[in-house]
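# Structure assessment
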Amino acid sequence: MLTQIEFYDKDTIKNILACLSIKPDRIVFLYDNQISDMNRFVSLENCFKNHLPDIIFETEPVDISNMNDIFNRTKKLICKYNNCVMDITGGSELMTVAGVMAGMETNIKMYYTDIINGRVENILNKNDFIPTATLRLNDYVAARGAHFTGNSHSEPDESRYEAILDMCQYIFNNIKQWRKTCSYIQQAMANTSKDDIDLRAVSVFRSKGGNEVFPDNEMLKKFEELGFIKDLYISKNHIVFTFMSPLEKSYLINYGVWLELFVYIHAVKTGIFTDVMLGAMVDWDIYDDKSVPGNEIDVIFTDNSLPVFVSCKLTDVTTAAINELVLERKRLGGWFSKAIIVTFSDEKALESGSYKRAVEFGVELLDKSDILSDDFGSRLVKAVSGHDLVSLKWKKF
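Before going into details, it helps to say that this report is about the structure given with it. Quick caveat: nothing in here was measured; it's all calculated off a predicted structure.

### Comments concerning the packing of aromatic side chains
In the structure shown here, the tally under the stated rule is 19 aromatic pairs. For the ring pair Phe-48 and Phe-57, a centre distance of 6.0 Å and an interplane angle of 40° mean the geometry is tilted. Measuring from ring centre to ring centre gives 5.2 Å for Phe-172 and Phe-262, while their planes differ by 85°; the resulting arrangement is edge-to-face. A residue pair is termed long-range when its members are at least 10 positions apart, and Phe-172 in helix α6 (residues 161-173) and Phe-262 in helix α10 (residues 257-269) qualify at 90 residues. The exposure class assigned to Phe-172 is buried, which follows from its relative accessible area of 3%. Taken together, the ring pairs connect Tyr-8, Phe-29, Tyr-31, Phe-41, Phe-48 and Phe-57 into an aromatic cluster. Over the ring of Phe-129 we find Arg-119; its NZ or CZ atom is 3.7 Å from the centre of that ring. One residue, Arg-160, lies across the ring of Phe-228, its end atom 4.7 Å from the ring centre.

### Some remarks on the sheet that holds strand β5 (residues 109-114)
With respect to topology, seven strands assemble into an open sheet ordered β3-β2-β1-β4-β5-β6-β7, the strand pairing being mixed. Each edge of the sheet is formed by a strand with only one pairing partner; in this case those strands are β3 (56-62) and β7 (125-131). On average, each strand axis in the sheet is tilted by 30° relative to the strand beside it, whichever way the strands run. Pairing analysis gives three bridges linking strand β4 (residues 84-87) to β5, with the strands arranged parallel. Considered in β5, the bridge of Asp-87 is made with Tyr-111. Strand contacts of helix α4 (residues 93-106): β1 (3-7), β2 (26-32), β3, β4 and β5, with the helix running at about 145° to β5, the strand carrying the most contacts.

### So, the sheet that holds strand β9 (residues 198-202)
The three strands are arranged β9-β13-β12 in an open sheet whose pairing can be described as antiparallel. Among the strands making up the open sheet, the edge pair consists of β9 and β12 (229-234). Averaged over all pairs of adjacent strands, the angle between their axes in this sheet comes to 10°, without regard to strand direction. Judged from the four bridges that link them, β12 and strand β13 (residues 238-243) form a sheet pairing that is antiparallel. Bridged to Ile-234 within β13 is Ile-239.

About the criteria used
- Residues numbered from 1 in each chain as written.
- Predicted model: local features only at pLDDT ≥ 70, side-chain atom pairs only at ≥ 80, totals over all residues.
- Heavy atoms only, no water.
- Phe/Tyr/Trp six-rings, centres within 6.5 Å; stacked < 30°, edge-to-face > 60°.
- Helix = DSSP H or I, 4+ residues; strand = E, 2+ residues; numbered from the N terminus.
- Buried < 20%, exposed > 50% of the residue type's maximum accessible area, 1.4 Å probe, protein only.
- Lys NZ or Arg CZ within 6 Å of the ring centre and 35° of its normal.
- Pairing = 2+ DSSP bridges.
- Axes fitted to C-alpha atoms, helices over the stretch in contact; angles between N-to-C directions.
- Contact = heavy atoms within 4.5 Å.

In short, geometric facts, not functional conclusions.
This is the structure:
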């Protein structure tokens, strides 16, 4: 029976990747005895059992400021279980030092996980390695003690991808007309039920401020042409049409969803990314007896087992939006994750404060010039692949 010794770390990937790659029979985590929330270990065990249903999972508290305590407890575990390996990727600096000392004295195999290059390597022989397992978003969520509670927007059927992308391009090239058209549709459907797909309204509303609210007729015709609405009737005094389904209705009453759909579809179409999700809602704590979603992540996917978080803004980017994205990345993926903001603005060209803030925080930014290009999918791939995690170690955040 193979036992794997691990040192608990704040970064989720350091806790799970080596274990799921080596696939031992028993996992023992040494952890800071100041940790009081033991649900984090329940979550880890649940994550492992999704892949290794017969795994034996144990924990061992240590004083992480006392190297002798770490050394003695690690050595005791090695002697107790005999057939052991150790992963020294996680934990504190003293854990690493004490762990290596115990491993050298007992002559067990010790591994270090090169997360970026996808290798679990023997620290004494880099040619002795195991390719890392492929992680999915559910692995991160399970290990974090969170879960997906649904989606804020329903993902479209693949058969509608091209029509949606065509509509996105039309909207992006006529953004002012979309703003007033969306406002009109929102007001016309304000008091309807979710499943009510018939719009019958006067041609012009008055806002509370006394301004006229009316749609762009050419945009309505484009929606009909691309199959989002049908039976469009426009007269001097009235507008009538039927949404093709409640799904199309949800798209047409949401101003910013079109950029999210644009990014989501391009991410799927690259064929490179896995677990692509639109509008993922996350309950960050499954142990508090409250099914309350926390953050909504506009688009999320994995790239070579690393989570990528994308925030989509059909407006300018604010510092608050950048901070929220950084928090999401840190909360679920830790340092070994990637963050991208896609914004319909000229942040890069203007070298705005928000752009500089994103660079400072290690967030890639795609702006209007990227969105309106003919190769957005390639630019998205480049932004993800060019996300230099090594250099981010020295960023000031």
